[in-house]
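Commentary on secondary and tertiary structure
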Amino acid sequence: MKVNFNLNGRNVSYDIPPGEYLADTLRNHSFLSVKKACDEAVCGACTVLLDGRPILSCSFLSARVEGRNVTTVEAVQDDVDEISNFFSDEGADQCGFCNTGLALTILALRKELKNPTDEDIKHFVVGNLCRCSGYQAQFKAIKNYLEAHK
Amino acid sequence: MKTKVVNHKTPSVDGKGIMMGRPAFTDDLAEPNSLIVKVLRSPHAFARIKKIDVSKAKVLTGVEVVLTYHDVPRTSFTRAGQGYPEPSPHDKFILDEYVRYVGDEVACVAAINESIADQALKLIEVEYEVLEPVLDFETAYENKNVIHPEDGIREMFPIGFEPKKNVAAAYDMHIGDVEEALAKCDIVVDETYYTQAQAHAMLEPHTANARLDYHNRLVIYTSTQTPYHVRRIISQTLDMPISKIRVIKPRVGGGFGGKQALHSEFFVSLVTLKTKKPSKMIYSRQEVFESSYTRHPMRMRMRIGAMKDGTIKAIDSDSLSDTGAYGEHALTVFMITGSKVLPLYNKVDAVHFGGRVVYTNHVSAGAFRGYGAIQGNFALESAIDVLAKKLSIDPLELRRKNMMDEGETSPIFAIMGEGTEGTAMDMDTCKLRYCLDRGAELIGWKDKYPFVKAGPHKVRAVGMAIAMQGSGIPYIDMAAATIKLNDDGFYNLTVGATDIGQGSDTVITQIVAEALMTTVDKVIIYSSDTDLTPFDVGAYASSTTYVSGNAALKAALKMKGMLIKEAANYLKVKEEEIVFDGEKFFAKDKVLTLSDMANRLYYNDNQHQLSATESYVGHKSPPPFMAGYVEIELDTETGEYDILHYVSVVDCGVTINPMLARGQVEGGIVQGLGMACFEDVKYSNRGKLNSNSFLYYKIPTMLDVKKLTTEFAESYEESGPYGAKSVGEIGIDTPPAAIANAVANATGVRINNLPVTPEKIFQGLNKRK
C-alpha cells in the first residue's frame with residue numbers, strides 16, 4: 001500500500017506492506033536516527049514526533065500517519081546539537097542508543113510544559129529508558145537545557 | 001603531577017554525533033538489501049530433536065537458506081568471548097541435536113524480508129523427544145537427567161568439568177585450617193544467601209551483519225565487546241582461515257558483559273558464506289531476554305568467625321552457581337565471588353572458598369558487570385553486618401578494624417586468578433578507610449544509624465557496604481595502540497580497545513593528548529576493526545582504562561620520542577637540546593612548529609611516515625575500592641521503601657575523565673539497585689522465561705532514584721596511566737548488601753535472598769509480630 005505524509009518538512013509517498021510499523025518504514029528509508037530496542041512501546045528509543053508530539057514508532061502503524069507530519073532527529077539538527085551540548089557538559093552521554101529518542105522527548109517537553117517542576121520533568125521523560133547512565137547526569141542536563149530556554 | 005587534559009572536564013568525543021543521529025551502530029551500517037536471518041527456537045527446556053523437516057520452508061518463495069544441525073560444522077566451542085585457551089568448557093555447537101533451554105537454537109532461516117523469514121520458521125516441522133529438565137540448580141549435581149550427555153565436549157585445561165554430573169566447573173582453595181580457626185572463635189555467623197539471575201538489558205539488542213567484500217573475505221559488523229575473539233572463534237568454529245575474516249565493531253549500544261559473548265555472528269556468517277549475499281540478524285527484545293545471557297544465580301553459605309573484641313579470624317565461603325544450559329564464564333565468575341570479595345578482610349588466620357558451578361535447563365549465564373563480585377559482596381557484606389549486630393559493634397567500626405589498608409596484601413591474590421593461579425600484589429593504593437569515613441559523613445551516619453522515625457509507621461534507615469574489583473587480568477589481558485602522525489601535525493590513534501558506551505574512546509584520547517601535550521581534537525581515535533586496529537582482548541574485566549590506557553600512553557611517549565628525533569634532525573641540534581611543548585620545538589634560538597615539521601616529513605625533505613605502536617600487559621590488577629551508603633524510607637506496615645539517597649565514595653586512582661568516571665559509578669549503582677530491589681529473571685515451572693520483555697522485567701527509570709552523590713578519593717596508582725585504576729564495574733557491587741543492611745537496620749528483618757522486595761519484608765515483619 002501507499003502512505004503519504006509529511007516527513008521532516010517534505011511530502012513523501014512510500015510503498016509499504018500494510019502491517020508495517022513506522023520505525024521500520026523510517027529505518028528502511030535511511031532515517032537511521034530512529035532506533036529499535038524493545039519492539040513493544042516500552043523503552044522510548046524509537047520516539048519520533050507526530051504533529052509535534054512524541055510517539056513510539058516501533059508500535060505505531062505507518063498507515064496511521066497518512067496526511068500527518070512526522071519529525072525525526074534528522075530534521076531538528078540545530079535543536080539536538082544544542083541539547084547535546086548540555087549532555088556533554090554533564091557527562092550524561094554514554095552509549096547513546098537511547099539519546100536520539102530522548103532528544104525528541106526533551107523537545108516536546110520544552111514545548112508542552114511551562115515551568116515544570118523536577119517531578120514534572122521526570123514524569124515526562126520516564127518512558128525513555130537508559131541502562132547506562134543512572135539518570136542523574138541526564139536529569140541535570142535536561143534541567144539546565146530547560147533553564148536556558150526560560 | 002600537573003595535567004592539562006587528564007583529570008580535567010572533557011566532553012565525550014562522540015556523544016554529539018550519536019545524539020544527532022549519525023549512522024553509528026551495527027544495524028545502521030548493514031547493507032540495505034541484506035537477507036534477514038532468523039532463528040527457530042526451542043519451546044522446550046530440554047529435548048532431543050528426533051526429526052526435523054525443513055522441506056516446506058525451503059521452497060517458500062523468498063527463502064534463501066535453511067540450516068539445521070545437519071548442515072553446520074560440528075565443532076564444540078564456547079561463546080564466552082575470552083582469551084585462548086578459554087577457562088570455559090567447550091560445550092556448545094552452532095546447532096545441535098539437543099536443545100537445552102526454552103529459546104535454544106533449533107534451526108536458522110534467511111529470507112529476502114522479515115515476514116517471509118517469519119513464515120519460513122513456522123513451516124519447519126520438528127518432532128521432539130521431550131526430556132525431563134533440571135530447573136532447580138540445587139538439585140542439578142549428579143541429577144539423573146544429564147544436560148550434556150553428548151560426545152565431543154571438553155575442557156581446555158582442568159577446570160573441574162564433569163558433564164556427566166552436570167558440573168561445568170568446580171573450585172576449592174584453603175588458606176590455613178578454617179574449621180580449626182572457626183572452632184577457636186567466640187562468635188561464628190553462619191548464613192546462607194541467594195542471588196538471582198539478572199538481565200543485562202542493554203538498549204541496543206545483539207546485532208550482527210555480514211558481507212563478502214571484493215577480496216572475497218568475510219566482513220562481519222557486530223555489536224561486540226570482543227572483536228578479536230569474535231574473529232578467532234568464527235575462524236575456529238567455521239573452520240575457515242582467520243585471514244579471510246574481518247570483524248568491525250562500530251559503536252556499541254551498551255554491553256555490560258552481555259556482548260562479550262558471540263551470538264548472532266555465527267548465523268550471519270554461515271548465511272553469507274552459503275548464499276554469497278549480505279545478511280543481517282537483529283535479536284528481538286524477547287530473544288535478548290530469552291536467548292542471550294543472564295547473571296549467574298548463586299547460593300552462598302558464608303561463615304565468619306570473630307573474637308569478642310571484633311577481630312575477624314576466619315571466613316568460609318561455600319557456594320553453588322547456576323550456569324544454565326552452557327558453561328560460559330562458569331569457573332571465572334565463580335572464582336571472582338571469592339577473589340575480588342574475600343581480600344577485603346585480609347587479617348584473618350584462615351580462609352576457605354569453594355564449590356561447584358552446575359548446569360541447569362535455564363538461559364545460559366555469562367559475563368555481567370560485577371562478574372561474581374556483586375554476588376559475593378552481597379553475602380559477605382550482609383554477613384559482616386550480622387556479625388556486627390551479634391558483637392554489638394557499630395558496623396563501620398567492625399569494618400575499620402578488619403579491612404584492607406594501603407600497603408597491605410592478601411594471600412588470596414597469589415592463589416586465585418581467573419581460571420588459573422593468581423598474581424601476588426601489594427595494595428599500593430587503597431583509600432578504603434577514607435571512602436568509609438567520607439561516605440559516613442555524606443550520608444549522615446552518626447545521626448541516622450540505625451534508623452530514625454519519620455512518621456507514625458515510617459522510618460528512615462541507613463545501610464552500607466564496602467567493595468573492591470580489579471583492573472584487568474594480569475599476564476593475560478593484552479592491549480595495543482598505534483599512533484600515526486599526519487601532515488599539519490595531527491594524529492590518528494587506532495586501538496583495539498572496545499568503546500561500548502563507557503567512554504573509552506574519550507578516555508584513551510585524553511591519555512594520548514596529555515602525553516603529546518596537545519588537545520583532544522588533534523587526536524582522532526578509531527576503534528575497532530581487526531584489519532586496521534592493533535590487538536586488544538576487548539572491553540571486559542575492568543581493563544580498558546588501565547590496560548588499553550597504558551598501551552596508548554606507551555605509544556604516545558614513543559611517538560613523542562620520534563618527533564623530538566626528527567626535530568633535532570631538521571634543526572641540526574642534539575635531541576637533548578630540544579624542548580617540545582606539543583606545538584613547537586625549541587632549540588637555543590631556533591623554533592620549528594610541529595605542523596611545519598609534519599608537512600616537511602611528508603612532502604619536502606627526508607620524507608617518511610611516523611607511526612608508533614606499543615602494547616601493554618599488566619603485571620598486577622590494582623583493585624579500585626569503594627564504600628556505598630544508602631538511606632531508605634520504609635513503611636513498617638507494608639514493607640514498601642523508597643531509596644532517598646545513595647552515596648558512593650570511590651578510590652579508582654586518578655579519574656582520567658571525572659564526569660565519565662562518575663557516569664560509570666552511577667550507572668553501576670543504579671544497575672546494582674535494580675538487582676537489589678526488583679529486577680528478577682523468572683521462569684515458569686516448565687522452564688519458560690516469564691520475564692521476557694520490559695513489561696515483565698522492570699529496569700530502573702528516572703523515578704526510582706531520588707539522589708546520588710558520587711565522590712572520588714584522592715589516589716594515585718603508580719602502575720596506571722596517569723595514576724588511574726579501573727572504574728567500570730566497582731559501582732555495581734555495593735547496592736545489594738547496602739539495601740539489605742538498611743532494611744535490617746530499619747526493621748530487624750534480614751532478607752538473605754535477592755531481590756529485597758516489600759513482599760519479603762512484609763512477610764518478615766509479620767513473622768515477628
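Residues numbered from 1 in each chain as written. Chains lettered and ligands numbered in written order. Predicted model: local features only at pLDDT ≥ 70, side-chain atom pairs only at ≥ 80, totals over all residues. Heavy atoms only, no water.

1. Some thoughts on the overall build of chain B
When helices and strands are counted, chain B shows 19 helices and 27 strands. In terms of overall size, chain B behaves like a compact globule, its C-alpha atoms giving a radius of gyration of 27 Å where 769 residues would be expected to give roughly 27 Å. Reported as C-alpha extents along the three principal axes, the dimensions of chain B are approximately 90 × 75 × 50 Å. Out of the 769 residues in chain B, the part that is buried amounts to 66%. (Helix = DSSP H or I, 4+ residues; strand = E, 2+ residues; numbered from the N terminus. Rg over C-alpha atoms; globule rule 2.2 N^0.38 Å. Buried < 20%, exposed > 50% of the residue type's maximum accessible area, 1.4 Å probe, protein only.)

2. Focus: the nonpolar core
Considering soluble globular proteins, one finds that nonpolar side chains tend to be buried as a cluster. In terms of nonpolar packing, the biggest core is built from 119 residues, with Y629(B) and I739(B) touching the most fellow members. If one sorts the elements of this core by residue count, helix α9 (residues 373–391) of chain B sits on top with eleven residues. Counting residues in hydrophobic clusters, the runner-up holds 86 residues, among them V80(A), L102(A), A24(B) and M202(B). (Core = buried A, V, L, I, M, F, W, Y, C linked by side-chain atoms within 4.5 Å.)

3. Observations concerning the pairing of strand β2 (residues 10–15) of chain A
Residues and elements named next belong to chain A. The pairing of strand β1 (residues 2–7) with β2 spans six bridges and is antiparallel. Looking at β2, one finds that N4 is bridged to S13. Where β1 folds back onto β2 in an antiparallel hairpin, the turn is made up of two residues, including N8, whose phi is positive at roughly 55 degrees. (Pairing = 2+ DSSP bridges.)

4. A closer look at the packing of helix α14 (residues 504–515) of chain B against helix α15 (residues 544–571) of chain B
All names here are of chain B. At their nearest, the axes of α14 and α15 sit 8 Å apart, and the two run at 30 degrees to each other. Accordingly, the angle class assigned to the pair α14 and α15 is roughly parallel. For the pair α14 and α15, the crossing hand works out as right-handed. In this structure, α14 uses S504, V507, I508, I511, V512 and A515 to contact α15, whose residues at the interface are T544, T545, S548, G549, A552, L553, A556, L557 and K560. A breakdown of the residues in the contact of α14 with α15 according to their chemical character gives nine nonpolar, five polar and one charged. (Axes fitted to C-alpha atoms, helices over the stretch in contact; angles between N-to-C directions. Parallel < 35°, antiparallel > 145°, perpendicular 65-115°, else oblique. Left-handed = near helix turned anticlockwise from the far one by under 90°. Contact = heavy atoms within 4.5 Å. Nonpolar A, V, L, I, M, F, W, Y, C, P; charged D, E, K, R; others polar.)

5. A look at the sheet that holds strand β16 (residues 451–455) of chain B
Residue and element names in this part refer to chain B. The strand order across the open sheet formed by five strands is β16-β17-β25-β26-β27, and the pairing between neighbours is mixed. The two strands at the open ends of the sheet, each matched to only one other strand, are β16 and β27 (708–712). Put simply, the sheet's adjacent strands are angled 20 degrees from each other on average, direction ignored.

6. Section: the packing of aromatic side chains
Geometrically, a pair of aromatic rings is defined through the distance of the ring centres and the angle of the planes. Residue and element names in this part refer to chain B. A complete count under the given rule lists 16 aromatic pairs over all chains for this structure. Between Y171 and F353, the aromatic rings sit 6.2 Å apart at their centres with planes inclined by 45 degrees, giving tilted as the arrangement. Taken together, the residues span a long stretch of sequence, with Y171 in strand β7 (residues 167–175) and F353 in strand β15 (residues 350–359) at a distance of 182 residues. Overall, the relative accessible area of 16% leaves Y171 in the buried class. The buried category is assigned to F353, whose relative accessible area is 0%. (Phe/Tyr/Trp six-rings, centres within 6.5 Å; stacked < 30°, edge-to-face > 60°.)

7. Considerations on the environment of E637(B)
Residues and elements named next belong to chain B. By the secondary structure assignment, E637 is in the loop between β25 (625–635) and β26 (641–651). Between the alpha carbons of E637 and F762 there is a distance of 7.4 Å; along the sequence they are 125 residues apart. Not counting residues within four places of it along the chain, the set of residues in contact with E637 comprises H457 and F762.

8. Brief notes about the domain arrangement of chain B
The accessible area lost on association of the parts is a frequent measure of interface size. All names here are of chain B. Under the domain assignment, chain B is made up of domain 1 (15–21 + 478–617), domain 2 (31–131 + 203–254 + 259–291) and domain 3 (298–472 + 620–768). When domain 1 packs against domain 2, the two sides together hide about 1,600 Å² of surface, and 48% of this comes from carbon and sulfur. For the domain 1 face of the interface with domain 2, the top three residues by lost area are I500, T530 and Y540, together amounting to 36%. Where domain 1 packs against domain 2, one counts four salt bridges. For D499, the salt bridge identified is with R251, shortest N-O distance 3.9 Å. Its residues assigned to classes, the side of domain 1 that touches domain 2 shows nine nonpolar, eight polar and four charged. (Domains from an automatic or database assignment. Buried area = accessible area lost by both parts, 1.4 Å probe. Salt bridge = Lys/Arg side-chain N within 4 Å of Asp/Glu carboxyl O.)

9. What to know about the side chain of S76(B)
Residues and elements named next belong to chain B. Considering the arrangement of structural elements, one finds S76 in the loop between β3 (63–67) and β4 (98–99). Looking at S76, its side chain comes within polar contact range of the main-chain oxygen of G152, at 2.8 Å. Excluding anything up to four places from it in sequence, S76 contacts H90, K92, F93, G152, I153 and R154. (Polar contact = N/O pair within 3.5 Å; in protein donor to acceptor, adjacent residues only side chain to side chain.)

10. Here's the deal with the interface of chain B and chain A
Opposite the 55 residues of chain B that make contact, chain A presents 51 residues. Between chain B and chain A lies a buried interface of about 4,200 Å² when both sides are counted; carbon and sulfur atoms form 58% of it. Ranking the residues of chain B by area buried against chain A places M19(B), L203(B) and M702(B) at the top, with a combined share of 22%. Our count for the chain B to chain A interface comes out at six salt bridges. Its salt-bridge partner being D81(A), residue K16(B) comes within 2.3 Å of it at the nearest N-O pair. Here chain B is connected to chain A by 25 residue pairs in polar contact (both at pLDDT 80 or more). For the side of chain B that touches chain A, the secondary structure elements donating two or more residues are α1 (15–19) and α17 (658–677) of chain B. Per-element tally for the side of chain B that touches chain A: the top contributor is α17(B), with nine residues. The residue makeup of the side of chain B that touches chain A, split by class, is 27 nonpolar, 15 polar and 13 charged.

11. Notes on the pattern of salt bridges
The tally for this structure, following the rule as stated, stands at 64 salt bridges over all chains. K2(A) is paired through a salt bridge with D15(A); the nearest N and O atoms lie 3.8 Å apart. Here K2(A) is found in strand β1, whereas its partner D15(A) is found in strand β2, with 13 residues between them in sequence. Among the charged side chains, a network of salt bridges with common partners joins R27(A), K35(A), D27(B), D28(B) and K280(B).

12. Details of the domain arrangement of chain A
Residues and elements named next belong to chain A. Here the domain parsing of chain A yields domain 1 (2–72) and domain 2 (75–148). Spacing between the C-alpha centres of domain 1 and domain 2 amounts to 21 Å. At the junction of the two partners, domain 1 supplies 17 residues and domain 2 supplies 13 residues. Carbon and sulfur atoms supply 62% of the area buried between domain 1 and domain 2, which totals about 1,200 Å² over both sides. On inspection of domain 1 and its partner domain 2, the count reaches one salt bridge.

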